[in-house]
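# Summary of structural features
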Amino acid sequence: MRKPIILFAFAAFALPADAMAQSPELEDTCKSVAKSFFMTDQLAIGTVQSFPELKPPGVRMSYSTRQGTAPAEMTDIFECEFDKADKPHNLARFCVSSTCYSPNADDGDRKRRFDEMRILLNRAEK
């Protein structure tokens with residue numbers, strides 16, 4: 001009787017991080033924002049963590065712009081924050097490594113990049 005329980009416990013821990021995602025829909029939206037920001041369909045995504053229960057809901061993921069990069073070698077981080085966990089998510093802020101983009105950014109170029117990503121996301125979620 002113990003074998004099934006042990007096998008189930010082992011299987012739960014053996015799953016990749018993406019398989020135990022908290023919010024695949026929120027994660028897909030953040031991936032879309034990242035691809036739009038880098039202007040590519042070929043963004044390599046590593047570990048993804050989502051937090052739909054936080055206020056604001058958010059996603060953090062490692063990435064590489066180089067195809068073939070192993071997830072363990074991905075050290076760049078892309079983060080998204082949204083107004084809500086359900087669609088339409090309404091992008092509230094995103095960060096690429098330590099540079100953040102938001103509607104209240106002091107830097108005009110960062111504010112514009114944020115507005116561009118929000119517009120692209122709104123178009124995609126209609």
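Heads up: these notes are all about the structure in this document. (Residues numbered from 1 in each chain as written. Predicted model: local features only at pLDDT ≥ 70, side-chain atom pairs only at ≥ 80, totals over all residues. Heavy atoms only, no water.)

### Considerations on the overall build of the protein chain
Assigned secondary structure in the protein chain consists of three helices and five strands. Listing every helix and strand of the protein chain by position from the N terminus yields α-α-β-β-β-β-β-α. Summarising the internal contacts of the protein chain: among those between residues at least 6 apart in sequence, 42% fall at separations of at least 24. In the form shown here, the protein chain has an accessible surface area of approximately 8,300 Å², with 53% of it arising from carbon and sulfur atoms. (Helix = DSSP H or I, 4+ residues; strand = E, 2+ residues; numbered from the N terminus. Contact = heavy atoms within 4.5 Å. Areas by Shrake-Rupley, 256 points an atom, 1.4 Å probe, with all protein chains shown as cover.)

### Focus on the packing of aromatic side chains
On inspection of all chains with the given rule, the structure shows 10 aromatic pairs. Each ring, one from F38 and one from Y63, has its centre 5.1 Å from the other, and the planes form 40°; the classification is tilted. Placement of F38 in helix α2 (residues 24-38) and of Y63 in strand β2 (residues 58-64) is noted, with a sequence separation of 25 residues between them. Of the aromatic side chains, those joined through ring pairs into one cluster are F37, F38, Y63, F78, F94, Y101 and F114. (Phe/Tyr/Trp six-rings, centres within 6.5 Å; stacked < 30°, edge-to-face > 60°.)

### Observations regarding the nonpolar core
If you look at the biggest cluster of nonpolar residues, it comprises 20 residues, and the most contacted ones within it are V33, F78, F82, L91 and F94. Among the secondary structure elements, those contributing two or more residues to this core are α2, β2, β3 (76-82), β4 (91-96) and α3 (108-124). The greatest single-element share of this core, amounting to five residues, is contributed by α2. In contact with F82, other than residues within four places in its own chain, are L26, T29, C30, P56, P57, V59, H89, N90, L91, A92 and L121. (Core = buried A, V, L, I, M, F, W, Y, C linked by side-chain atoms within 4.5 Å. Buried < 20%, exposed > 50% of the residue type's maximum accessible area, 1.4 Å probe, protein only.)

### Here we look at α3
Over its 17 residues, α3 runs 24 Å from end to end, which matches the ideal 24 Å to within 8%, given 1.5 Å per residue. Here α3 has its buried residues at F114, M117 and L121. Axial view of α3: buried residues confined to an arc of 65°, hence all on one face. Turned more than 90 degrees away from the buried face of α3 sit D109, R112 and R123, all of them exposed. The inward-facing, buried residues of α3 contact α2, β3, β4 and β5 (99-101). If you check the start of α3, you find a side-chain oxygen 2.9 Å away from the backbone N of D109, and it comes from D107. (Expected span 1.5 Å × (residues − 1). Arc of directions from axis to C-beta. Polar contact = N/O pair within 3.5 Å; in protein donor to acceptor, adjacent residues only side chain to side chain.)

### Brief notes about the packing of α2 against α3
For the pair α2 and α3, interaxial distance at closest approach is 10 Å and the crossing angle is 125°. One finds that α2 runs oblique with respect to α3. Crossing handedness for the pair α2 and α3: right-handed. In this structure, α2 uses T29, V33, S36 and F37 to contact α3, whose residues at the interface are R113, M117, L120 and L121. A breakdown of the residues in the contact of α2 with α3 according to their chemical character gives five nonpolar, two polar and one charged. (Axes fitted to C-alpha atoms, helices over the stretch in contact; angles between N-to-C directions. Parallel < 35°, antiparallel > 145°, perpendicular 65-115°, else oblique. Left-handed = near helix turned anticlockwise from the far one by under 90°. Nonpolar A, V, L, I, M, F, W, Y, C, P; charged D, E, K, R; others polar.)

### What to know about α2
For α2, with 15 residues, the first-to-last C-alpha span of 21 Å sits near the 21 Å given by 1.5 Å per residue. Summarising the contacts, the buried residues of α2 are in contact with β1 (44-51), β2, β3, β4, β5 and α3. M39 occupies a position one or two residues after α2 and carries a positive phi of about 55°.

Any functional reading would require information beyond the geometric quantities listed.
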